[in-house]
Amino acid sequence: MGRHTVREGRFRHRRAELVYDDVGQGPLAVYAHGGFVSQSAEDRMGLFDWAPVLDAGQRLVRYDARAHGRSTGDPVDTDYTYPSLADDLLALLDHLGAAEPLDAMGASMGCGTVLHAAIQAPDRFSRLVLLIPPTAWTTRKAHARDNRESADTIERAGVDAWLAARRKQPRPAVVADVPEFPPTPAERVLPSVLRGLALSDLPSPTAIAALRRPSLILAWVDDPGHPLSTAERLAHLLPHADLHVSRTRADIRTWGERIAEYLSRPRPRP
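Residues numbered from 1 in each chain as written. Predicted model: local features only at pLDDT ≥ 70, side-chain atom pairs only at ≥ 80, totals over all residues. Heavy atoms only, no water.

Q: In this structure, what is going on with the overall build of the protein chain? I would like to understand it.
A: A tally of helices and strands in the protein chain yields 11 helices and eight strands. In terms of overall size, the protein chain behaves like a compact globule, its C-alpha atoms giving a radius of gyration of 17 Å where 270 residues would be expected to give roughly 18 Å. Its C-alpha atoms give the protein chain principal-axis dimensions of roughly 50 × 40 × 40 Å. Expressed as a percentage of contacts within the protein chain between residues at least 6 apart in sequence, the contacts between residues at least 24 apart total 78%. Total accessible area on the protein chain stands at roughly 11800 Å², and carbon and sulfur atoms take up 52% of it. For the protein chain, the distance from the average position of its 34 positive side-chain charges to the average position of its 34 negative side-chain charges is 1 Å. (Helix = DSSP H or I, 4+ residues; strand = E, 2+ residues; numbered from the N terminus. Rg over C-alpha atoms; globule rule 2.2 N^0.38 Å. Contact = heavy atoms within 4.5 Å. Areas by Shrake-Rupley, 256 points an atom, 1.4 Å probe, with all protein chains shown as cover. Lys, Arg positive; Asp, Glu negative; His and termini not counted. Charge placed at Lys NZ, Arg CZ, Asp CG, Glu CD.)

In structure tokens, the structure reads:
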């Protein structure tokens, strides 16, 4: 985080120890990362730049999801559904003593986490930043099937066989130069993570349409795991949403500035 001091914190919730980094001073924003990575992995990938957010005067808390990175977790499928991960996020807010509505950000799996948390406890959130929304609704069924098959492959042949199959799949051109890293959940837990995600979907369109929170949606193109159709549907459903679509890696590098500008606007009244 450059010149900003990183303060590591830990708390226990539902049989797991969750680890987070607390950086900067100012209004609090929290961030939930995508599946199989971690804060450290995302930083090494160089995918998202948080420096503009911190330089704009935000306090940023990013945490490693259950069983990811430095956080612990058990091989229990239902621990990794979006609603269960949302419960972890709400527990983090309790641990931080967040009494006022705050801004929440999430990428991919973290997008699902944030949306479910906002549906469960809308008064705890001020604005949402939804990065690369995942498959949802009509596009979720095939993704869920692939996750179940991946879990079976890992249990039958090991994680290396699964990774070898993943490497044969084409990557979206817009992020083809982003380094890849092994999944951060341990092999004994990874099948449960995959099956938990297979059990997951975004909240229903009706529930999302009732979520009256301003939202910034950041998407990229030509990625079956994060189809543009999800981002466009969210932008249509959410009453106050801004959608930005990136078609080049250079444009994705502007996301930090876009988020910083969005979070620098006056917070809406509860």
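More follows now that the structure is in view.
Q: I'm lost on the layout of surface pockets in this one. Help?
A: Think of a ball as big as a water molecule: rolled over the atoms, this probe shows where empty space is left. Reported here for the largest pocket is a volume of approximately 1600 Å³. F36, R166, Q169, E180 and H226 are, among the 48 residues lining the largest pocket, the residues nearest its centre. Listing elements by their share of the lining of the largest pocket, those giving two or more residues are α1 (39–45), α5 (140–157), α6 (159–167) and α7 (190–198). Examining the composition of the lining of the largest pocket, we find that eight residues originate from one element, α5, more than from any other. A class-by-class count of the residues in the lining of the largest pocket yields 26 nonpolar, 12 polar and 10 charged. (1 Å grid on protein atoms, 1.4 Å probe; cavity = no way out; pocket = protein on both sides within 12 Å on 5 of 7 lines; lining within 4 Å. Points joined across faces, edges and corners; volume = space filled by probe spheres on them. Nonpolar A, V, L, I, M, F, W, Y, C, P; charged D, E, K, R; others polar.)

Q: What exactly am I supposed to notice about the nonpolar core here?
A: Most often, soluble globular proteins have nonpolar side chains that are buried together. With 56 residues, the main nonpolar core has V30, L89, F125, L128, L130 and L234 as its most contacted residues. In terms of residue count, helix α3 (residues 82–96) provides more of this core than any other element does, nine residues in total. In contact with V30, other than residues within four places in its own chain, are V61, L89, L93, L96, L102, D103, A104 and M105. Counting residues in hydrophobic clusters, the runner-up holds 29 residues, among them V23, M45, M105 and L263. (Core = buried A, V, L, I, M, F, W, Y, C linked by side-chain atoms within 4.5 Å. Buried < 20%, exposed > 50% of the residue type's maximum accessible area, 1.4 Å probe, protein only.)

Q: Even after reading the chapter, I still don't get α3, so can you show me in this structure?
A: One turn of an α-helix holds 3.6 residues; hence residues three or four places apart share an orientation. Its 15 residues place the ends of α3 21 Å apart at the C-alpha level, agreeing with the 21 Å of an ideal helix rising 1.5 Å per residue. Burial of α3 is extensive: 11 of the 15 residues sit out of reach of the surface. Looking at α3, one finds that the buried residues are Y82, S84, L85, A86, D88, L89, L90, A91, L92, L93 and L96. (Expected span 1.5 Å × (residues − 1).)

Q: In this structure, what is going on with helix α9 (residues 228–237)? I would like to understand it.
A: For α9, the set of buried residues is T230, A231, L234 and L237. End-on view of α9: buried residues confined to an arc of 130°, all on one side of the axis. Elements in contact with the buried residues of α9: α4 (109–120), β6 (125–131), α8 (205–209), β7 (215–220) and β8 (241–246). (Arc of directions from axis to C-beta.)

Q: Looking at this structure, I do not really get the pairing of β8. What am I missing?
A: Regular strands place their side chains on alternate faces of the sheet. Sheet topology places β7 next to β8; six bridges connect them, and they run parallel. Each bridged residue has a counterpart across the sheet, and for S215 the counterpart in β8 is A241. Where the polypeptide runs from β7 across α9 and back to β8, its parallel neighbour, the crossover connection is right-handed. (Pairing = 2+ DSSP bridges. Right-handed = clockwise from strand over helix to strand, strands pointing away.)

Q: How should I be thinking about the packing of α5 against α7 in this particular structure?
A: Where α5 meets α7, the axes come as close as 8 Å, and the angle between the chain directions of the two elements is 165°. It follows that α5 is roughly antiparallel to α7 by the angle criterion. For the pair α5 and α7, the sense of crossing is left-handed. Only L190, P191, L194, R195, L197 and A198 of α7 make contact with α5, whose side of the interface consists of R140, A144, N147, R148, S150, A151, D152, I154 and E155. Here the residues of the contact of α5 with α7 sort into eight nonpolar, two polar and five charged. (Axes fitted to C-alpha atoms, helices over the stretch in contact; angles between N-to-C directions. Parallel < 35°, antiparallel > 145°, perpendicular 65-115°, else oblique. Left-handed = near helix turned anticlockwise from the far one by under 90°.)

Q: I keep staring at the packing of aromatic side chains and nothing clicks. Help me out?
A: How two aromatic rings sit relative to each other is given by the distance of their centres and the angle of their planes. This model, assessed by the stated rule, comprises six aromatic pairs. Where F48 meets W50, the ring centres are 6.4 Å apart and the plane angle is 65°; that geometry is what we call edge-to-face. Note on accessibility: F48 and W50 belong to one class, buried. These aromatic residues form a ring-pair network of at least three members: Y31, F48, W50, W220 and W255. In this arrangement the basic side chain of R44 is found over the ring face of F181, its NZ or CZ atom lying 4.4 Å from the centre. Across the ring face of Y262, the terminal group of R127 is positioned such that the distance to the ring centre comes to 5.9 Å. (Phe/Tyr/Trp six-rings, centres within 6.5 Å; stacked < 30°, edge-to-face > 60°. Lys NZ or Arg CZ within 6 Å of the ring centre and 35° of its normal.)

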